[in-house]
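# Observations on the model geometry
Residues per chain are reported as follows:
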Amino acid sequence: MKTNAAETGSRVIAIDGPAASGKGTLARRIAAALGYALLDTGALYRTVALTLLRQGGNPDDSVAAVRIAESLTSADIAALSGDPDLRSDQTGMVASRVSAIEGVRAALLTLQRSFARHPPGGLPGAVLDGRDIGTVICPDADAKLFVTADVAVRAQRRQAELAGRGDPISLDDVLADMQARDERDTRRDIAPLRPADDAVLLDTSALTADQVFDQALSIIRTRLGT
Ligand code: DC
């Protein structure tokens, strides 16, 4: 399976890592700097989760989750993209649960690979951020980064982000949720969160967003030969 320049001419950057590691912000800045399309793949799992919740479904109802994932359209994704509930802690937890379901992952895999091969707007490349981009979705990506940070640092970041959106939650609760999510994302049988063998590890615990961006861009430019 080729997802990179060898097949379509599209360059692919894979950015993986756990929740609140800084990968989302980084992916956005890298895509803007390179003029590439951006796909936040966590938003796809969150869209499935939020749709399930709004239908009054049980988060463990895998049949309903697969049905939602299989029928997901770009319009559904766009419709929920600015919804504040998409980014809530509860949606994140349910997204982590539905993301362990094989049928959900299979349905979303096609969508992600198609985006990588044919970035919208005819852009020359795509940045995908998630958990399994470098290992499963785009194993032939031109550059792979695995962004990490200490769990206590990530919990603080997430708490500040949630508070900024008027969703106050105690640090202890955020930390507990994050540890549960890390555990589920790394231990699931299908496409667990782990760095690809050829990924460059970037620990952002003690770095500012600008430092992370500078280091990442330099690594990526080296890999792209630009
Ligand atoms: O990055 P995020 O917090 O928006 O992701 C929400 C959940 O979706 C995360 O806990 C695990 C799942 N996910 C996944 O399994 N694979 C991806 N490529 C992206 C997200």
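What this report covers is the structure whose coordinates are included nearby. It should be emphasised that the depicted structure is a prediction, and the values quoted were computed from it without experimental measurement.

## Structural notes on the overall build of the chain
For the chain, the helix and strand inventory stands at eleven helices and five strands. For 226 residues, the compact-globule formula gives about 17 Å, and the C-alpha radius of gyration of the chain, at 17 Å, lands near that figure. Its C-alpha atoms give the chain principal-axis dimensions of about 50 × 40 × 30 Å. The burial tally for the chain puts 46% of its 226 residues in the buried class.

## Thoughts on the packing of helix 2 (residues 23-34) against helix 11 (residues 209-224)
What describes two packed helices is the angle between their axes and the distance between those same axes. The N-to-C vectors of helix 2 and helix 11 enclose an angle of 50 degrees; their axes lie 10 Å apart at closest approach. One element, helix 2, and the other, helix 11, form an angle in the oblique class. Considering the relative orientation of helix 2 and helix 11, their crossing is right-handed. Residue-level contacts link Leu26, Arg29, Ile30, Ala33 and Leu34 of helix 2 to Ala209, Asp210, Val212, Phe213, Ala216, Leu217, Ile220, Arg221 and Leu224 of helix 11.

## Description of the site of the ligand
If you check the shell around the ligand, you find 15 residues, and the closest are Arg46, Arg105, Arg131, Arg181 and Arg188. One of the side-chain N or O atoms of serine 99 is found 3.4 Å from an oxygen atom in the ligand. Side-chain polar atom of arginine 105 to an oxygen atom of the ligand: 2.8 Å apart, as the coordinates give it. With the chains in place, 97% of the 450 Å² that the ligand exposes on its own is no longer accessible. Elements supplying a minimum of two residues to the shell around the ligand: helix 3 (41-54), helix 6 (89-98) and helix 10 (171-187).

## A short note on unusual backbone geometry
Phi is positive for alanine 20, close to 60 degrees, though the residue is something other than glycine. Despite not being glycine, alanine 191 has its phi angle at roughly 45 degrees, a positive value. In this fold, alanine 191 is placed in the loop between helix 10 and strand 5 (200-203). We classify alanine 191 as buried; its relative accessible area is 13%.

What counts and how
- Residues numbered from 1 in each chain as written.
- Predicted model: local features only at pLDDT ≥ 70, side-chain atom pairs only at ≥ 80, totals over all residues.
- Heavy atoms only, no water.
- Helix = DSSP H or I, 4+ residues; strand = E, 2+ residues; numbered from the N terminus.
- Rg over C-alpha atoms; globule rule 2.2 N^0.38 Å.
- Buried < 20%, exposed > 50% of the residue type's maximum accessible area, 1.4 Å probe, protein only.
- Axes fitted to C-alpha atoms, helices over the stretch in contact; angles between N-to-C directions.
- Parallel < 35°, antiparallel > 145°, perpendicular 65-115°, else oblique.
- Left-handed = near helix turned anticlockwise from the far one by under 90°.
- Contact = heavy atoms within 4.5 Å.
- Near = heavy atom within 4 Å.
- Polar contact = N/O pair within 3.5 Å; in protein donor to acceptor, adjacent residues only side chain to side chain.
- Areas by Shrake-Rupley, 256 points an atom, 1.4 Å probe, with all protein chains shown as cover.

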